[in-house]
Structure formats: C-alpha cells, structure tokens
Amino acid sequence: MTTTAPGRFGVYGGRYVPETLMANLIALEAAFDDARRDPAFQAEFAQTLAHFVGRPTPLYHARRLGEAYGGQVYLKREDLTHTGAHKINNAVGQALLARRIGKRRIVAETGAGQHGVATAAACARLGLECIVYMGALDCERQRPNVERMRLLGATVKPVDTGSRNLKVAINEAIRDWIANPENTHYLIGSVVGPHPYPLMVREFQRVIGDEARAQFARVAPRPDAVIACVGGGSNAMGIFAGFVDDPHVELFGVEAGGAGGATAATLNTGRPGVLHGALSYLLQDQEGQILNTHSVAAGLDYPGVGPEHSFLKDTGRAKYEVVNDAEALAAFRDACALEGIIPAIESSHAIAFAKRLLARRPGLCVIVNLSGRGDKDLPGLLAKGLV
Ligand SMILES: Cc1ncc(COP(=O)(O)O)c(C=O)c1O
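Computed from a predicted model, the values in this text were never measured in an experiment.

## Things to note about helix H13 (residues 307-315)
Next up, step 1: Within H13, 7 of the 9 residues are buried, which leaves it mostly tucked inside the rest of the structure.
Next up, step 2: For H13, the set of buried residues is Pro 307, Glu 308, His 309, Ser 310, Phe 311, Leu 312 and Lys 313.
Next up, step 3: Note on H13: the residue one or two positions beyond its end, Gly 316, has a positive phi of about 80°.

As structure tokens, then:
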C-alpha cells in the first residue's frame with residue numbers, strides 16, 4: 001500500500017517518543033514482522049476472527065436507505081461482530097501478538113468504549129491482565145461500555161484531567177507504558193501512535209476491506225465509492241485497504257464536524273504536527289497547543305488522525321468530508337426507521353455523508369462501513385433528548 005519509507009507514509013508517521021520506549025517499539029516491529037510471515041500465527045488469527053469475532057460480517061444491501069437517498073447503499077456490518085464494533089479485529093490481533101512476545105499485562109485507551117470492551121474481551125480469552133484508561137466525560141456518555149469492561153475483568157481507570165476524553169486517556173496509557181515497558185504491551189485502538197502501530201493496526205483491520213471487496217464482486221465488479229467515518233481512522237483504513245489500489249473506486253473519510261464551531265475535523269481544519277508519537281494532521285493553535293475538540297460521537301472526538309490518512313489526503317487518493325452532530329443524528333434515525341438497524345453514532349457520520357453524496361450525484365452505488373452498533377449510545381442520547 002502507501003508506505004514510502006519504513007514507518008512513514010510520505011512525510012507522515014515516524015516515531016516521536018521518549019528514548020525509553022524505543023527498544024519496545026523496535027522489538028514490537030520485529031515481532032509483528034515475524035508474526036505476519038508465520039503461517040501458524042496467521043492461522044490462529046483467522047480462526048479467532050471466524051469463531052470468536054464472528055467473521056465474515058455480511059455486506060448488506062440497504063434497499064430502503066438507498067431508495068430514500070437516491071442510489072444504492074451497501075452496509076459492511078461490523079456492528080454484527082462480537083462486542084459490536086470493528087475494534088475487536090485489531091484487539092484480538094494485538095492480544096495474540098502480546099502473548100507471543102510474553103507480555104501478559106495490557107494497557108489500552110478508549111473513547112467510545114468499544115476498543116476498551118474489545119480489548120477486555122480479547123484479554124479475558126487469553127488470560128491477560130487488562131487496564132483501560134478512559135476519559136471521565138466518555139465514562140459518563142458511554143456508561144454501558146464501562147460496565148461491560150468491568151464484567152469482562154478489566155480495570156477501568158477514569159481520567160479526570162484536561163479534556164476528559166480520548167486524548168487524555170491516550171496520554172495516561174502512554175505514561176503507564178513508559179513506566180512499565182518490560183511486562184506491558186500498549187494495545188492501541190486505532191491507526192495512530194508511533195511506528196509500527198499505524199501499519200500494524202491497518203493490517204489487523206484490512207480484513208474488513210478484503211471481505212467487502214470479495215463480497216461486492218458477487219454483485220458487480222466494483223462500487224463507485226467507499227465511505228467510512230474517521231476518528232483515529234482504523235475502520236476507514238481497514239475498509240480502504242481493500243479498494244485503495246483500484247483507482248475507479250472513490251474513497252471518502254468522514255470527520256466529525258461537531259456543533260457551533262467546536263469540531264473534531266482534524267484533516268479539514270488542522271495542520272501537520274506531532275501528537276502521541278507520530279507526525280500527522282493535528283488540531284492546534286498558533287503556538288502548537290492542542291485544541292479542544294467536540295463531537296456527539298466519543299469515538300470521533302480526537303484532535304489527531306492516523307498518519308496514513310494525512311498521506312491519502314495530500315495525495316488526493318482519498319477525500320475527507322465533514323458531517324456535523326445534527327446530520328449524524330438524522331442519519332442515525334434514518335437507519336433505525338428504514339433498515340431496522342441502530343448504528344453507532346460514529347458510523348452515523350458515514351451514513352450521513354452517503355446521503356449528501358447521493359443527493360449530489362444520484363444513482364451512485366456506495367459501500368458504507370457500519371463500524372459499530374449504537375446500543376452504547378442510547379442512554380447518553382436519550383438523556384439529552386437527542387433521539
Ligand atoms: C463504532 C466506532 N466507529 C468508529 C470509531 C472511530 O475509530 P476509528 O477511526 O479508529 O475507526 C470508534 C471509536 O471508538 C467506534 O467505536
């Protein structure tokens with residue numbers, strides 16, 4: 001795909017970390033390279049995806065949604081995976097890798113809670129200790145997932161500093177990892193962080209795109225466009241991986257526009273800088289201080305983005321669009337009423353963009369990555385009277 005130098009996507013990516021973590025990152029890169037080439041590792045990963053995660057997920061023809069929006073809409077049903085979002089693909093991959101390299105203590109961060117739940121489930125299955133850092137604001141708005149993580153045996157550590165969201169949760173997870181480099185693996189939940197994480201997480205998520213491409217080929221040679229929401233960018237990189245080499249398929253990443261001027265649209269309103277170990281687009285002020293973000297979707301409420309997305313944006317291979325809270329909520333209601341599917345509020349941003357695209361260019365055939373299910377969102381949205 002799009003790696004230009006080891007650990008780089010164009011100029012983006014790299015490893016901007018304290019010296020104490022370098023040895024860990026180099027060892028992790030070697031372990032991942034080795035595991036990738038090991039048929040036994042690949043077989044166990046594939047077996048786990050089939051029997052624990054529940055893959056392949058369907059590619060569902062959403063006929064009524066397509067009729068309402070003016071084209072053909074297919075949904076890649078990551079909401080039907082075990083634990084309810086694409087995050088589980090990467091969590092099981094990295095948990096298997098951690099066990100392989102003898103790291104039995106796992107730390108993770110989570111925003112919407114889906115990555116935390118997925119990591120807790122993967123760790124329970126392999127008998128690994130699991131600590132999940134979560135912003136205090138996100139603990140409030142994604143309460144069901146906090147309970148699920150605890151039930152699955154994880155220790156949830158709320159982070160009540162700064163923005164009280166995903167950004168501070170990642171800060172704390174990195175701090176823990178720096179303090180415990182010998183026995184701990186940091187199981188990052190998106191295509192962010194220092195090399196090899198963006199590459200490794202994409203590879204664990206590419207099953208989404210590989211499946212979708214093969215499934216769609218039974219309908220027609222290719223879709224016109226593939227659409228996915230972008231927080232850190234892992235579900236998008238996962239589905240893009242199946243289509244990026246086909247220049248006839250347009251790729252759209254959808255960022256969270258938030259409300260009232262407060263946004264999380266990093267690629268659309270940010271500029272390059274370093275956050276959490278990598279060079280990528282970043283929401284920052286004139287002095288380079290990270291800006292606070294807002295989105296109704298906890299999983300998109302992040303001032304950074306994966307470095308490969310920055311590269312795809314600059315090269316023009318993918319386009320990045322902005323959908324605000326109100327549009328996402330309307331699309332959430334459309335999927336419920338027209339298809340009997342309650343989508344995650346993150347995924348609803350991608351559905352909302354499908355509506356906009358089909359209004360502009362009627363008759364297109366699009367695949368939307370339905371990255372997760374919306375059960376986790378209901379208490380928060382209902383309490384605020386938003387649905
Ligand atoms: C359902 C769902 N979709 C999307 C995301 C955004 O993450 P990413 O951009 O890495 O796919 C999250 C993050 O928590 C999520 O829970």
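## A closer look at the sheet that holds strand S8 (residues 184-186)
Next up, step 1: Taken in spatial order, the 4 strands of this open sheet run S7-S6-S5-S8, and their pairing is parallel. If you trace the sheet from one side to the other, it starts and ends with strand S7 (155-159) and S8, each paired once. Going across the sheet, the axis of each strand differs from the next one's by a mean of 25°, ignoring polarity.
Next up, step 2: Across 3 bridges, strand S5 (residues 105-110) lies against S8 in parallel orientation. Bridge assignment links Val 107 to a residue of S8, and that residue is Tyr 186.

## Some points on the pairing of strand S14 (residues 365-370)
Next up, step 1: For S14, the tally of buried residues reaches 5 of 6 residues, placing the bulk of the element in the interior.
Next up, step 2: Alignment of strand S4 (residues 72-77) against S14, held across 6 bridges, turns out to be parallel. When the sheet's bridge partners are listed, Leu 75 is paired in S14 with Val 368.
Next up, step 3: Pairing of strand S9 (residues 225-229) with S14, which is carried by 3 bridges, proceeds in the parallel orientation. Counted as the bridge partner of Ala 225 is Val 366 from S14.

## A look at the sheet that holds S14
Next up, step 1: Read from one edge to the other, the open sheet built from 6 strands follows the order S3-S4-S14-S9-S10-S13, with strand pairing classed as mixed. Each having just a single partner strand, strand S3 (59-61) and strand S13 (318-324) make up the two edges of the open sheet. Taken over all neighbouring pairs, the strand axes of this sheet differ in orientation by 30° on average, direction set aside.
Next up, step 2: Bridge analysis of strand S10 (residues 250-258) against S13 gives 7 bridges, and the strand direction is parallel. Bridge assignment links Val 254 to a residue of S13, and that residue is Glu 321.
Next up, step 3: On the sheet, helix H14 (residues 325-339) packs against S10 and S13 and is oriented at approximately 90° with respect to S13.
Next up, step 4: Each of S4, S9, S10, S13 and S14 is contacted by helix H15 (residues 345-360), which is oriented at about 145° to S9, the strand it contacts most.

## Points about the nonpolar core
Next up, step 1: In this structure, Val 132, Ile 227, Ala 354 and Val 368 are the most contacted members of the largest nonpolar core, which totals 121 residues.
Next up, step 2: The greatest single-element share of this core, amounting to 8 residues, is contributed by H15.
Next up, step 3: Among all residues touching Val 132, those that are not within four sequence positions of it are Ala 108, Thr 110, Gly 116, Thr 119, Ala 120, Met 149, Ala 154, Val 156 and Lys 157.

## Regarding the domain arrangement of the chain
By a frequent convention, interface size equals the accessible area lost on bringing the separate parts together.
Next up, step 1: Looking at the assigned domains, one finds that the chain contains domain 1 (8-48 + 87-201) and domain 2 (56-85 + 206-383).
Next up, step 2: Between domain 1 and domain 2, the C-alpha centre-to-centre distance is 22 Å.
Next up, step 3: Each side of the interface is counted separately: domain 1 has 39 residues, and domain 2 has 37 residues.

Parameters at a glance
- Residue positions are given per chain, counted from 1 along the sequence in the order it is written.
- Confidence filtering applies because this is a predicted model: local features only for residues at pLDDT of at least 70, side-chain atom pairs given and counted only at 80 or more, and all residues used for totals across whole chains, interfaces and linings.
- Exposure is read from a count of other C-beta atoms within 10 Å of each residue's own; the residue is exposed at 12 or fewer, buried at 20 or more and partly exposed in between. C-beta atoms are placed from the backbone.
- Each helix is a run of DSSP H or I of at least 4 residues and each strand a run of E of at least 2, with the numbering of both proceeding from the N terminus.
- For two strands to count as paired, DSSP must find a minimum of two bridges between them.
- In this analysis an axis means a line fitted to C-alpha atoms, helices contributing only their contacting stretch, and an angle means the value between N-to-C directions, from 0 to 180 degrees.
- Contact criterion: two residues are in contact if their C-beta atoms, reconstructed from the backbone, are within 7 Å.
- By convention in this section, buried Ala, Val, Leu, Ile, Met, Phe, Trp, Tyr and Cys residues joined through C-beta atoms within 7 Å make up a nonpolar core.
- Throughout, the edges of the domains are those of an automatic or database domain assignment.

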